[in-house]
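Chain by chain, the residues run as shown.
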Amino acid sequence: MSISTPAQGWFKAPSGGERAWIGLALLWCVVLTLAMPYWHYKGKQNSTGESYRVEPAAFQARVDRFVKTNKVGEEKGVAIVEPSPGGDAYLLAQMWRFSPILKLRKGQSYRLHMSSLDLQHGFSVQPVNLNFQILPGYDHVITITPTMSGDFNVICNEFCGIGHHTMTGKIIVED
Ligand code: CUA
(Lines give C-alpha, C1' and ligand atoms only; values in the text may rest on other atoms or scores of the structure.)
Protein backbone atom coordinates (compact mmCIF):
# COMPACT_ATOMS: atom_id res chain seq x y z
CA MET A 1 0.00 0.00 0.00
CA SER A 2 1.27 3.43 -0.77
CA ILE A 3 0.25 6.98 -0.19
CA SER A 4 -1.17 8.38 -3.37
CA THR A 5 -3.12 11.41 -4.48
CA PRO A 6 -6.85 10.88 -3.94
CA ALA A 7 -8.97 10.66 -7.03
CA GLN A 8 -10.26 13.93 -8.39
CA GLY A 9 -13.56 15.09 -6.99
CA TRP A 10 -13.22 13.26 -3.65
CA PHE A 11 -14.36 16.29 -1.68
CA LYS A 12 -18.08 16.68 -1.17
CA ALA A 13 -19.56 19.62 0.69
CA PRO A 14 -21.24 18.45 3.90
CA SER A 15 -24.98 18.17 3.76
CA GLY A 16 -27.91 17.16 5.92
CA GLY A 17 -27.07 16.00 9.45
CA GLU A 18 -23.33 16.52 9.00
CA ARG A 19 -23.87 20.10 7.99
CA ALA A 20 -26.10 20.71 11.02
CA TRP A 21 -23.51 19.28 13.45
CA ILE A 22 -20.68 21.35 11.97
CA GLY A 23 -22.88 24.45 12.27
CA LEU A 24 -23.74 23.62 15.88
CA ALA A 25 -20.07 23.10 16.80
CA LEU A 26 -19.11 26.38 15.15
CA LEU A 27 -21.89 28.24 16.95
CA TRP A 28 -20.75 26.78 20.29
CA CYS A 29 -17.16 27.94 19.58
CA VAL A 30 -18.48 31.47 19.06
CA VAL A 31 -20.57 31.31 22.27
CA LEU A 32 -17.61 30.13 24.38
CA THR A 33 -15.28 32.73 22.86
CA LEU A 34 -17.73 35.49 23.83
CA ALA A 35 -18.16 33.89 27.26
CA MET A 36 -14.48 34.43 28.13
CA PRO A 37 -14.68 38.23 28.44
CA TYR A 38 -18.20 37.90 29.89
CA TRP A 39 -16.98 35.61 32.71
CA HIS A 40 -14.12 37.99 33.41
CA TYR A 41 -16.28 41.10 33.85
CA LYS A 42 -19.63 39.70 35.02
CA GLY A 43 -18.85 36.42 36.69
CA LYS A 44 -15.54 37.54 38.22
CA GLN A 45 -14.12 34.26 37.00
CA ASN A 46 -11.06 34.50 34.81
CA SER A 47 -8.24 36.47 36.38
CA THR A 48 -6.34 39.09 34.43
CA GLY A 49 -3.23 36.98 34.92
CA GLU A 50 -0.97 39.55 36.55
CA SER A 51 2.46 38.00 36.62
CA TYR A 52 6.12 38.94 36.69
CA ARG A 53 9.34 37.12 35.88
CA VAL A 54 11.22 35.98 38.95
CA GLU A 55 14.12 33.62 39.53
CA PRO A 56 13.11 30.77 41.85
CA ALA A 57 15.94 31.62 44.28
CA ALA A 58 14.87 35.28 44.39
CA PHE A 59 11.27 34.27 45.10
CA GLN A 60 12.45 31.92 47.84
CA ALA A 61 14.35 34.86 49.40
CA ARG A 62 11.18 37.01 49.36
CA VAL A 63 9.18 34.22 50.98
CA ASP A 64 11.86 33.76 53.65
CA ARG A 65 11.77 37.49 54.43
CA PHE A 66 7.95 37.42 54.51
CA VAL A 67 7.95 34.47 56.92
CA LYS A 68 10.63 35.98 59.15
CA THR A 69 8.75 39.29 59.47
CA ASN A 70 5.20 37.99 59.90
CA LYS A 71 5.46 34.56 61.54
CA VAL A 72 2.88 33.96 64.28
CA GLY A 73 3.13 30.22 64.85
CA GLU A 74 3.97 26.81 63.49
CA GLU A 75 2.07 23.67 62.59
CA LYS A 76 3.81 20.36 61.84
CA GLY A 77 7.01 22.24 61.02
CA VAL A 78 5.31 24.67 58.62
CA ALA A 79 5.29 28.35 59.62
CA ILE A 80 1.96 30.10 60.14
CA VAL A 81 2.25 33.61 58.78
CA GLU A 82 -0.11 36.54 59.18
CA PRO A 83 0.39 39.24 56.52
CA SER A 84 -0.80 42.76 57.24
CA PRO A 85 -4.29 43.45 55.81
CA GLY A 86 -4.06 45.10 52.42
CA GLY A 87 -0.49 43.92 52.08
CA ASP A 88 1.43 41.26 50.24
CA ALA A 89 1.21 37.57 51.04
CA TYR A 90 3.47 34.87 49.62
CA LEU A 91 2.92 31.23 48.87
CA LEU A 92 5.68 28.95 47.71
CA ALA A 93 4.99 25.67 45.94
CA GLN A 94 7.56 22.93 45.60
CA MET A 95 7.63 19.14 45.39
CA TRP A 96 5.53 18.35 47.44
CA ARG A 97 4.43 21.06 49.77
CA PHE A 98 2.99 24.54 50.04
CA SER A 99 4.49 26.97 52.50
CA PRO A 100 3.83 28.88 54.61
CA ILE A 101 0.34 28.48 56.11
CA LEU A 102 -1.40 31.82 55.62
CA LYS A 103 -3.53 33.41 58.31
CA LEU A 104 -5.88 35.99 56.80
CA ARG A 105 -8.68 38.22 58.03
CA LYS A 106 -12.20 38.00 56.62
CA GLY A 107 -13.15 41.03 54.51
CA GLN A 108 -9.56 42.22 54.06
CA SER A 109 -7.79 42.14 50.70
CA TYR A 110 -4.36 40.73 50.08
CA ARG A 111 -2.08 40.58 47.11
CA LEU A 112 -1.15 36.93 47.00
CA HIS A 113 2.11 36.15 45.21
CA MET A 114 2.59 32.56 44.13
CA SER A 115 5.51 30.83 42.47
CA SER A 116 7.17 27.44 42.26
CA LEU A 117 10.70 26.37 43.05
CA ASP A 118 10.79 23.44 40.67
CA LEU A 119 7.99 22.62 38.23
CA GLN A 120 4.36 23.37 37.53
CA HIS A 121 1.95 23.00 40.42
CA GLY A 122 -1.71 23.80 40.88
CA PHE A 123 -3.32 26.02 43.47
CA SER A 124 -6.80 24.84 44.32
CA VAL A 125 -8.60 26.12 47.39
CA GLN A 126 -11.20 23.81 48.90
CA PRO A 127 -14.14 23.90 49.27
CA VAL A 128 -14.38 27.17 47.31
CA ASN A 129 -13.93 27.12 43.55
CA LEU A 130 -10.52 28.77 43.14
CA ASN A 131 -8.04 27.27 40.70
CA PHE A 132 -4.77 28.72 39.48
CA GLN A 133 -1.51 27.46 38.09
CA ILE A 134 1.81 28.03 39.80
CA LEU A 135 4.80 28.11 37.52
CA PRO A 136 8.52 28.36 38.23
CA GLY A 137 10.02 31.62 37.00
CA TYR A 138 6.75 33.55 37.32
CA ASP A 139 5.39 35.50 40.25
CA HIS A 140 1.65 35.08 39.71
CA VAL A 141 -0.25 37.72 41.71
CA ILE A 142 -3.93 37.48 42.54
CA THR A 143 -5.88 39.82 44.80
CA ILE A 144 -7.97 37.86 47.24
CA THR A 145 -10.60 38.97 49.74
CA PRO A 146 -11.82 36.12 51.95
CA THR A 147 -15.59 36.21 52.41
CA MET A 148 -15.86 33.26 54.81
CA SER A 149 -13.93 32.37 57.93
CA GLY A 150 -12.55 28.91 58.68
CA ASP A 151 -9.75 26.59 57.63
CA PHE A 152 -9.32 26.08 53.88
CA ASN A 153 -7.26 23.34 52.35
CA VAL A 154 -5.00 24.10 49.44
CA ILE A 155 -4.36 21.18 47.13
CA CYS A 156 -2.17 20.77 44.09
CA ASN A 157 -4.24 20.00 41.02
CA GLU A 158 -1.46 19.61 38.47
CA PHE A 159 0.26 16.24 38.43
CA CYS A 160 3.77 16.92 39.74
CA GLY A 161 5.31 13.54 40.43
CA ILE A 162 5.26 10.69 42.92
CA GLY A 163 4.23 12.88 45.87
CA HIS A 164 1.54 14.87 44.02
CA HIS A 165 -1.32 13.41 46.05
CA THR A 166 0.34 14.45 49.32
CA MET A 167 0.88 18.05 48.26
CA THR A 168 -1.40 20.11 50.48
CA GLY A 169 -1.36 23.44 52.24
CA LYS A 170 -3.64 25.53 54.37
CA ILE A 171 -5.18 29.00 54.61
CA ILE A 172 -6.76 30.07 57.88
CA VAL A 173 -9.34 32.85 57.73
CA GLU A 174 -10.35 34.58 60.94
CA ASP A 175 -13.26 36.94 61.56
CU1 CUA B 1 2.30 19.80 43.01
CU2 CUA B 1 0.85 18.16 42.08
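Everything below is about the structure printed above this text.
This one's a predicted model, so the numbers in the text were calculated from it and none came from an experiment.

Draft legend 1. Spotlight on the overall build of the protein. Across its full length, the protein holds two helices and 12 strands. Order of helices (α) and strands (β) in the protein, N terminus to C terminus: α-β-α-β-β-β-β-β-β-β-β-β-β-β. Computed over C-alpha atoms, the radius of gyration of the protein comes to 23 Å, more than 25% over the 16 Å expected from 2.2 N^0.38 for 175 residues, which places it beyond the range of a compact globule. With respect to the principal axes defined by its C-alpha atoms, the protein has extents near 75 × 40 × 30 Å. The proportion of buried residues among the 175 residues of the protein is 33%. In the protein, the share of contacts with a sequence separation of at least 24, taken over all contacts with a separation of at least 6, comes to 56%. Only carbon and sulfur atoms are counted for the fraction: they give 58% of the accessible area of the protein, which is about 11,300 Å². Looking at charge distribution, the protein has the averaged site of its 16 positive side-chain charges lying 4 Å from that of its 14 negative ones.

Draft legend 2. Structural context of the sheet that holds strand β5 (residues 97-99). Ordered by their spatial adjacency, five strands build an open sheet running β1-β10-β7-β4-β5, and the pairing between neighbours is mixed. Lying at the two open borders of the sheet, with one neighbouring strand each, are β1 (50-53) and β5. Strand-to-strand twist of the sheet, defined as the mean angle between neighbouring strand axes without regard to direction, takes the value 25°. Alignment of strand β4 (residues 88-94) against β5, held across three bridges, turns out to be antiparallel. When the sheet's bridge partners are listed, L92 is paired in β5 with S99. Taken strand by strand, helix α2 (residues 56-70) contacts β4, β7 (110-116) and β10 (138-144), and its axis lies near 125° from that of β4.

Draft legend 3. Looking closely at unusual backbone geometry. The amide bond that connects M95 to the next residue, W96, takes the cis arrangement and shows omega of -5°. Mapped onto the elements, W96 comes out in the loop between β4 and β5. Cis peptide bonds are those with omega within 30 degrees of zero, and the linkage from Q126 to P127 qualifies with 5°. With respect to the helices and strands, the residue P127 is situated in the loop between β8 (121-126) and β9 (130-134). In the Ramachandran plot, K76 falls in the positive-phi region, its phi being about 50° despite a non-glycine side chain. With respect to the helices, strands and loops of the structure, K76 is situated in the loop between β2 (71-75) and β3 (78-81). Judged by its relative accessible area of 81%, K76 is exposed.

Parameters at a glance
Residues numbered from 1 in each chain as written. Predicted model: local features only at pLDDT ≥ 70, side-chain atom pairs only at ≥ 80, totals over all residues. Heavy atoms only, no water. Helix = DSSP H or I, 4+ residues; strand = E, 2+ residues; numbered from the N terminus. Rg over C-alpha atoms; globule rule 2.2 N^0.38 Å. Buried < 20%, exposed > 50% of the residue type's maximum accessible area, 1.4 Å probe, protein only. Contact = heavy atoms within 4.5 Å. Areas by Shrake-Rupley, 256 points an atom, 1.4 Å probe, with all protein chains shown as cover. Lys, Arg positive; Asp, Glu negative; His and termini not counted. Charge placed at Lys NZ, Arg CZ, Asp CG, Glu CD. Pairing = 2+ DSSP bridges. Axes fitted to C-alpha atoms, helices over the stretch in contact; angles between N-to-C directions.

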